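# Remarks on the overall topology
Each chain, written out:
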Amino acid sequence: MTGCRSHRDLIGPYVLGALEPAEMDEMTRHLAGCDRCAAERRRLGSLPALLDSAQADDTIATLSPQLEDAVLDRFVRERAQAARPRRRWRRFAIPAAAALTVAVVAVLALVLPGGGDQRAYASAELWSTSGRVLGNASVAEVAGGTHVQLRAHDLPVGHGTAFELWCVRTDGRWINGGSFNAGADGSASAQLTVAVRPGEYHVVVVTRPSAGGKHGPEVMRGKLAY
Amino acid sequence: MLVERLPRDRSGDELRELYRRYAGELFGFATSALGDREQAEEIVQDVFAQLWRHAGEYDQRRASVRTWLYAIARNRIVDAHRRAAARPQRAEDDSLDSAAEIDVALDQAVLRWQITAALARLSPAHREVIRLAHYGGLTMREIAERTGIPLGTVKSRTSYALRSLRLILDEMEVEP
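Summarised in this report is the structure supplied together with it. (Residues numbered from 1 in each chain as written. Chains lettered and ligands numbered in written order. Predicted model: local features only at pLDDT ≥ 70, side-chain atom pairs only at ≥ 80, totals over all residues. Heavy atoms only, no water.)

## Here we look at the interface of chain A and chain B
Of the residues lining the interface, 47 residues belong to chain A; the matching set on chain B comes to 55 residues. Approximately 4600 Å² of surface area, both sides summed, lies buried where chain A meets chain B, with 59% of it carried by carbon and sulfur atoms. If you sort the residues of chain A by the area they bury against chain B, Leu51(A), Arg74(A) and Phe75(A) come out on top, with a joint share of 13%. Our count for the chain A to chain B interface comes out at 6 salt bridges. Put simply, Arg43(A) and Asp170(B) hold a salt bridge, and the shortest N to O gap is 3.2 Å. For the interface between chain A and chain B, the tally reads 18 residue pairs in polar contact (both at pLDDT 80 or more). Counting residues per element, the ones that place at least two in the side of chain A that touches chain B are α1 (8-15), α3 (35-44), α4 (47-51) and α5 (65-83) of chain A. Looking at which element gives the most residues to the side of chain A that touches chain B, the answer is α5(A), with 10 residues. (Contact = heavy atoms within 4.5 Å. Buried area = accessible area lost by both parts, 1.4 Å probe. Salt bridge = Lys/Arg side-chain N within 4 Å of Asp/Glu carboxyl O. Polar contact = N/O pair within 3.5 Å; in protein donor to acceptor, adjacent residues only side chain to side chain. Helix = DSSP H or I, 4+ residues; strand = E, 2+ residues; numbered from the N terminus.)

This is the structure:
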């Protein structure tokens with residue numbers, strides 16, 4: 001039901017009160033005798049009041065892509081915690097030379113120690129911005145994401161021992177993998193879960209803690225070899 | 001059903017799908033109710049955390065997924081308003097005090113978001129005639145003069161725009 005042929009295009013303007021006074025009067029008389037137009041007028045009649053609920057310049061708030069990552073990341077972490085006993089982060093205070101040896105061995109290894117049902121997919125040497133190897137990362141698949149085992153040495157702890165791990169997706173988006181602390185000697189060993197799947201990212205980055213919604217200065221990074 | 005599969009969701013795919021279906025409107029609702037994007041994002045995160053934690057308790061005979069998610073969001077927004085009301089108030093602070101005030105404000109926020117979302121779904125030409133006629137207070141003749149569109153076209157376009165809007169609102173279950 002859209003009104004009669006002669007007046008149907010006037011019902012909308014009439015409902016909005018946007019006709020000239022003479023047209024409004026003529027339409028009022030028509031509505032009194034035309035059931036089709038009267039029905040259409042009733043159907044549209046509540047719209048002005050509904051439109052008043054919003055403002056002309058209201059815009060739809062759009063979600064930031066990072067929110068989906070945050071929700072999925074939380075989901076993956078909770079699932080990972082529920083699936084296995086929570087492991088406390090272990091800090092190894094090992095001499096730098098020993099850590100370097102372990103790092104080289106770990107880069108070559110494709111199976112995570114104690115991984116159980118996990119399967120290593122990739123590993124990477126992590127290089128500082130000055131070109132030194134400071135650690136390595138191994139990646140294994142878990143439900144809905146990946147598990148990253150990180151080992152590092154000689155991290156610069158002069159400005160704090162807290163660091164963050166990031167996985168850079170192939171579309172350029174940085175996905176936060178959580179934070180970890182290094183020991184006073186700059187060594188660190190951490191296991192973190194990230195809400196991206198193996199193959200969705202190829203670069204792992206360690207930064208200083210985020211501030212103001214932006215990741216901190218980069219400390220080291222590496223490209224994963226799948 | 002997606003929610004029923006969620007407790008066994010090992011891949012995250014079910015959650016992703018639920019997020020893509022509902023997160024936008026929940027965020028719009030929360031933003032409209034709280035006027036704060038950051039708080040609204042926290043609400044959306046909390047809603048989905050509640051969703052996967054309690055998916056096993058969901059009973060589709062009692063409520064649709066959408067209704068359930070809105071109920072969770074609503075509770076979180078009420079909590080946020082209560083926290084705001086509990087803070088020492090400044091002279092210009094307009095925190096809501098009573099449960100009734102919060103309910104009214106939430107109903108208004110939902111409706112405001114629904115109307116804004118419905119308008120966003122119209123074609124730009126339809127949205128423009130509604131904007132000029134309703135929010136701008138212009139007559140059909142004035143719109144025709146301003147836009148250079150023939151008067152008859154402006155009238156028919158306005159009628160089509162309102163019919164489209166009514167259909168969209170029907171789909172969104174917005175009562176007349």
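There is more to say, and it comes next.
## Digging into the environment of Tyr22(B)
Residue and element names in this part refer to chain B. Relative to the assigned elements, Tyr-22 resides in helix α2 (residues 13-34). For Tyr-22, a relative accessible area of 14% gives the class buried. Once you skip the residues sitting within four places of it in the chain, Tyr-22 turns out to touch Phe-48, Val-65, Arg-66 and Leu-69. (Buried < 20%, exposed > 50% of the residue type's maximum accessible area, 1.4 Å probe, protein only.)

## Some thoughts on the packing of α1(A) against α3(A)
All names here are of chain A. Where α1 meets α3, the axes come as close as 10 Å, and the angle between the chain directions of the two elements is 35°. Of the two elements, α1 crosses α3, and the hand of that crossing is right-handed. Contacts from Ile-11, Tyr-14 and Val-15 of α1 reach α3 at Cys-37, Glu-40, Arg-41 and Leu-44. Tallied by class, the residues present in the contact of α1 with α3 amount to 5 nonpolar, no polar and 2 charged. (Axes fitted to C-alpha atoms, helices over the stretch in contact; angles between N-to-C directions. Left-handed = near helix turned anticlockwise from the far one by under 90°. Nonpolar A, V, L, I, M, F, W, Y, C, P; charged D, E, K, R; others polar.)

## Regarding the packing of helix α6 (residues 124-135) of chain B against helix α7 (residues 140-147) of chain B
Describing two packed helices takes the angle between their axes plus the distance from one axis to the other. Residues and elements named next belong to chain B. Interhelical geometry of α6 versus α7 gives an angle of 125° and a closest axis separation of 10 Å. Put simply, α6 runs oblique to α7. In terms of crossing hand, the pair formed by α6 and α7 is right-handed. Mapping the contact onto sequence places Val-129, Leu-132 and Ala-133 in α6 and Met-140, Ile-143, Arg-146 and Thr-147 in α7. For the contact of α6 with α7, the class distribution of residues is 5 nonpolar, 1 polar and 1 charged. (Parallel < 35°, antiparallel > 145°, perpendicular 65-115°, else oblique.)

## Concerning α1(A)
Residue and element names in this part refer to chain A. Within α1, 6 of the 8 residues are buried, which leaves it mostly tucked inside the rest of the structure. Those residues of α1 not exposed but buried are Leu-10, Ile-11, Gly-12, Pro-13, Tyr-14 and Val-15. Two residues or fewer past α1, Gly-17 is found with a positive phi of approximately 65°.

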